[in-house]
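Report on the structure
Next come the chains, spelled out residue by residue.
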Amino acid sequence: MSKELHTADCPFHADLEAFLPDQLGEPGWLSQLRTRAWNAWQASGYPVKGDEEWLFTPISAITETTFTRPTTVDAEVFHAGTKRLALPAALKPSVVFVNGFALESETSAAQFVQRLKDYNLNPTGLPRLGDLVSESSGGFAALNTAFVEDGAGIVLPEGVTVAEPIVILYANGGTGAPFVNLRSLLSVGRNSSATIIEIYTGGANEKYFSNAVTEVHLNEGAQLTHVRINLESNQAAHIGNTVIQMKRDSVLSSHNIVLGGKLSRHDVTARLVDSGASCTINGIYLGHGDQLLDNHTAIDHAAPHCESHELYKGILGDTARGVFNGKIFVRLDAQKTDAKQTNQVLLLSPDARINTKPQLEILADDVKCTHGATVGQLSREALFYLRSRGIGVNEARAILVQAFAGDVLARIPAPAVRAYLEDLLPSVLPHSPQDGK
Amino acid sequence: MSLLDIRGLKASAGAKEILKGVNLTINAGEVHAVMGLNGSGKSTLANVLSGKDDYEVTGGEVLFEGKDLLEMSPEERSRAGLFMAFQYPVELPGVNNTYFLKAALNAVRKENGQEPLDAMDFMKLVREKLKILEIGEDLLKREVNVGFSGGEKKRNEIFQMAVLDPRLAILDETDSGLDIDALRAVGSGVTKLRDGKRGIVVITHYQRLLNYIEPDYVHVLMDGRIVMSGTQELALKLEAEGYSWLEQQVRAAAAV
């Protein structure tokens, strides 16, 4: 990487200077990708005021703190994160990263699970890092790419079925306001199927910035259930970019569970590039305190006879804020597209806020596209009915909030994950101001 | 001490006075019917007793086993042994019927100093009640009232009543919107829960439900007051002749 590219006042410049000497042995393509990515980051920097994509999402949680890339692995960070998660044995992680570094002691030798550090040495004939997310994928994705080093590489060949969920755990935090780059590359071969869970977590109140990128390749006829759980620290800033490319007749069932972060932003993009692909992208975001939870989804129908289903539900208490933006592009030759998008939000407090916006661009003329957004409060009639049966007001509220959220969890096809999240839910639901009265 | 003692109860919705001094005493084991035309105040009476906050009580008092009922929250009323079978049971999407019933029963048990029932004992109790009421077990797996027919909703109310085992049950127009088979099913269900100790108040427009639940007393509510009390005979007379003779009689009495 050439020296003249470094600008001293660019954020994370000093971190890059310290980081680069360790990457000298990397393959040329990766080094070039890194250079392009750093250039892009230098050019873009943080989103500026007025940027349409960040209109309702101030990033002061990132810019007002000097975050620094850690250089050592602290196993305590792993313990703090797993304590909050309380994962059952069925969801034991196959691979664990602490602030982006592999924690060897917690990594089991699972089939098809590799570390990107090894995978990147020779990905000949296989998807390459950066194929879907590179220097041109926005500032934070470029920043992530400039610092890419390790991460989870799960690459399934043709015609295999992995019945048990593969769990990737990213535990973040510790002292010194860590700046953490996390990267996953997932690829499901032709007619193969798998369930992959990505979990991002940290200690309850630690301050750090985690910047995550996941690239997902679904080949012809591949089937993937992808569950992404964000239980980052309540003081953390989390930026996530997930891009999925779907080939002919592939099926994606994606579930995005957003619980943590003072600021959490996740952009998920699905590109349906061949006919017959079908994607479900669902999500739930639960905010309390002063959390700001932003979900951006983009579904790019680039081929005919594809379908997409999208259901996001938000529950916001206290002064929490939510942002939902759902883009659906239907390109000129994507005839017979069937796309449906829904965002439903429950506001539990008069000070909670949501900005929700569907954004449809339809160029083909023979398509079915629907979208809808609802924002509401708990039903007074339903609360009264529960109370009239002896159920106290706090419990009655909890039952109704859980029923609202449970609808999204019930759609997760992997039973072990669904059961885990259903158990976790009551402990993370936002409270109403009336609670405790 | 009577089970329920309503004394001079007055209540308004907004500026409109609806109940203008209702007096009614119900003792343990008695079944009372409160009849009346639309707008007579029947539903207001039921709603005020259940604790719905859309109404303002402007006078009188209601004692439930000697305690001031109007001071109690809806959940406290339920835990004290009052049950309201609603005219329009609310649908609760995403809330499983069994879960709902268990939460309700254990809230009532806790109030009475009893341990919560565990899953096994609860299911045993629930199956027993379903059997008595001749209701299929698939009800337990469904979401509360979601997609239920009118008859199913009313039977679910009676089923909840059977599980919660209240000291006093008020059935608010439980017969409305039911066909003859559903009416028979609901009526026979209530009759099975008539055990000589429980008080039951049947609020209705028509006499037909009283063919299945024979009341000990029948009261007629008119313009916010109980204007006549009697037995089943009174209900049959109202069914045969309508309410107009009684309205004339009340007007004549008022004119004196």
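Here goes a summary of the coordinates provided. The structure presented is a predicted model; accordingly, all values stated were derived computationally and were not measured.

The next subject is the pairing of strand E15 (residues 307-316) of chain A. All names here are of chain A. The buried fraction of E15 is high, at eight of 10 residues. In this sheet, E15 lies alongside strand E13 (residues 278-287) in parallel orientation, the contact comprising 10 bridges. Along E15, the bridge assignment pairs glycine 287 with leucine 316. Summarising the sheet, E15 and strand E17 (residues 338-347) pair through 10 bridges and their orientation is parallel. Residue pairing for E17: tyrosine 312 is matched across the bridge by asparagine 343.

In this section: the interface of chain B and chain A. In this assembly, 31 residues from chain B lie in contact with 17 residues from chain A. Contact between chain B and chain A buries roughly 1800 Å² in total, counting both sides, with carbon and sulfur atoms accounting for 64%. Connecting chain B to chain A are four salt bridges. Across the salt bridge formed by B:Asp53 and A:Arg380, the nearest N and O atoms sit 2.9 Å from each other. The tally of links between chain B and chain A comes to 12 residue pairs in polar contact (both at pLDDT 80 or more).

This part takes up the nonpolar core. Membership of the largest hydrophobic core comes to 127 residues, with the highest contact counts inside it found for A:Leu421, B:Leu92, B:Phe159 and B:Leu171. Residue contributions to this core peak at nine residues, all from helix H8 (residues 393-409) of chain A. When residues no more than four places from it in sequence are discounted, the contact partners of A:Leu421 are A:Val227, A:Ile229, A:Ile257, A:Leu409 and A:Ile412. Counting 48 residues, the second-largest nonpolar core is a separate cluster that includes A:Val216, A:Ile299, A:Ala320 and A:Ile354.

Moving on, we come to the pairing of strand E10 (residues 225-230) of chain B. Residue and element names in this part refer to chain B. Strand direction decides the pairing type here: strand E9 (residues 217-222) and E10, joined by five bridges, are antiparallel. Paired with leucine 221 across the two strands is isoleucine 226, which belongs to E10. Counting the residues that bridge the hairpin from E9 to E10 gives two residues, and of these aspartate 223 lies at a positive phi of roughly 50°.

Relative to the assigned elements, B:Glu56 resides in strand E4 (residues 56-64). Expressed as a C-alpha distance, the spacing of B:Glu56 and B:Glu241, which sit 185 residues apart in the sequence, is 35 Å.

Residues and elements named next belong to chain A. Reading across from one edge, E2-E1-E5-E7-E9-E11-E13-E15-E17-E19 is the order of the 10 strands in this open sheet, with mixed pairing throughout. Unpaired on one side and paired on the other, strand E2 (101-102) and strand E19 (368-376) mark the two borders of the sheet. With eight bridges joining them, strand E11 (residues 251-258) and E13 adopt parallel strand pairing. Bridging from a neighbouring strand, asparagine 256 pairs with glycine 283 of E13. Against the sheet, helix H4 (residues 75-85) touches strand E1 (95-98), strand E5 (166-172), strand E7 (193-202) and strand E9 (223-231), its axis set at about 110° to E7. With respect to the sheet, helix H9 (residues 415-428) is in contact with E7, E9, E11 and E13, its orientation differing from that of E9 by roughly 20°.

All names here are of chain B. Orientation of helix H7 (residues 232-241) relative to helix H8 (residues 244-255), taken along the N-to-C sense of each, is 110°, at an axis distance of 8 Å. Taken as axis vectors, H7 and H8 run roughly perpendicular relative to one another. Listed contacts from H8 to Leu234, Lys237, Leu238 and Glu241 of H7 are Ser244, Trp245 and Leu246. Class assignment for the residues of the contact of H7 with H8 results in four nonpolar, one polar and two charged.

Before going further, it helps to examine the packing of helix H3 (residues 97-111) of chain B against helix H5 (residues 150-164) of chain B. Residues and elements named next belong to chain B. In contact at an axis separation of 10 Å, H3 and H5 are set at 35° when each is read in the N-to-C sense. Along this stretch, H3 crosses H5, giving a crossing that reads as right-handed. Contacts between H3 and H5 pair Asn97, Phe100, Leu101, Ala104, Leu105 and Val108 from the former with Asn156, Phe159, Gln160, Val163 and Leu164 from the latter. Along the lines of polarity and charge, the residues of the contact of H3 with H5 split into eight nonpolar, three polar and no charged.

Glancing now at unusual backbone geometry. The backbone of A:Phe112 shows a phi angle near 75°, a positive value even though the residue is not glycine. Tracing the backbone shows A:Phe112 in the loop between E2 and strand E3 (113-115). With relative accessibility at 18%, the residue A:Phe112 sits in the buried group. Here the phi dihedral of B:Glu65 falls at roughly 50°; this positive angle occurs in a residue that is not glycine. Mapped onto the fold, B:Glu65 is located in the loop between E4 and strand E5 (67-68).

For the rest of this paragraph, the subject is the sheet that holds strand E8 (residues 209-218) of chain A. Hydrogen bonds along the backbone pair up the strands of a sheet, which may run parallel or antiparallel. Residues and elements named next belong to chain A. Read from one edge of the open sheet, nine strands run E3-E4-E6-E8-E10-E12-E14-E16-E18, paired in mixed fashion. The outermost strands of the open sheet, each flanked by one partner alone, are E3 and strand E18 (353-362). With direction set aside, neighbouring strand axes in the sheet form an average angle of 10°. The pairing of strand E4 (residues 152-156) with strand E6 (residues 179-188) spans five bridges and is parallel. Bridge pairing in E6 links leucine 156 to valine 188. Those strands touched by helix H6 (residues 139-146) are E6, E8 and strand E10 (237-246), and its axis lies near 90° from that of E8.

Taken as a whole and assessed by the stated rule, the structure comprises 19 aromatic pairs over all chains. On the basis of an interplanar angle of 85° and a centroid distance of 5.3 Å, the ring pair of A:Trp41 and A:Tyr46 is categorised as edge-to-face. When its relative accessible area of 18% is taken as the criterion, A:Tyr46 is described as buried. Ring geometry for A:Phe384 and B:Phe86: centres 5.9 Å apart, planes at 70°, overall edge-to-face. With A:Phe384 in helix H7 (residues 380-387) and B:Phe86 in the loop between strand E6 (82-85) and H3, this pair bridges two chains. Taking the relative accessible area as the measure of exposure, A:Phe384 reaches 11% and is therefore buried.

What counts, and where the lines are drawn
Residues numbered from 1 in each chain as written. Chains lettered and ligands numbered in written order. Predicted model: local features only at pLDDT ≥ 70, side-chain atom pairs only at ≥ 80, totals over all residues. Heavy atoms only, no water. Buried < 20%, exposed > 50% of the residue type's maximum accessible area, 1.4 Å probe, protein only. Helix = DSSP H or I, 4+ residues; strand = E, 2+ residues; numbered from the N terminus. Pairing = 2+ DSSP bridges. Contact = heavy atoms within 4.5 Å. Buried area = accessible area lost by both parts, 1.4 Å probe. Salt bridge = Lys/Arg side-chain N within 4 Å of Asp/Glu carboxyl O. Polar contact = N/O pair within 3.5 Å; in protein donor to acceptor, adjacent residues only side chain to side chain. Core = buried A, V, L, I, M, F, W, Y, C linked by side-chain atoms within 4.5 Å. Axes fitted to C-alpha atoms, helices over the stretch in contact; angles between N-to-C directions. Parallel < 35°, antiparallel > 145°, perpendicular 65-115°, else oblique. Nonpolar A, V, L, I, M, F, W, Y, C, P; charged D, E, K, R; others polar. Left-handed = near helix turned anticlockwise from the far one by under 90°. Phe/Tyr/Trp six-rings, centres within 6.5 Å; stacked < 30°, edge-to-face > 60°.

These figures come from the coordinates and say nothing about function on their own.
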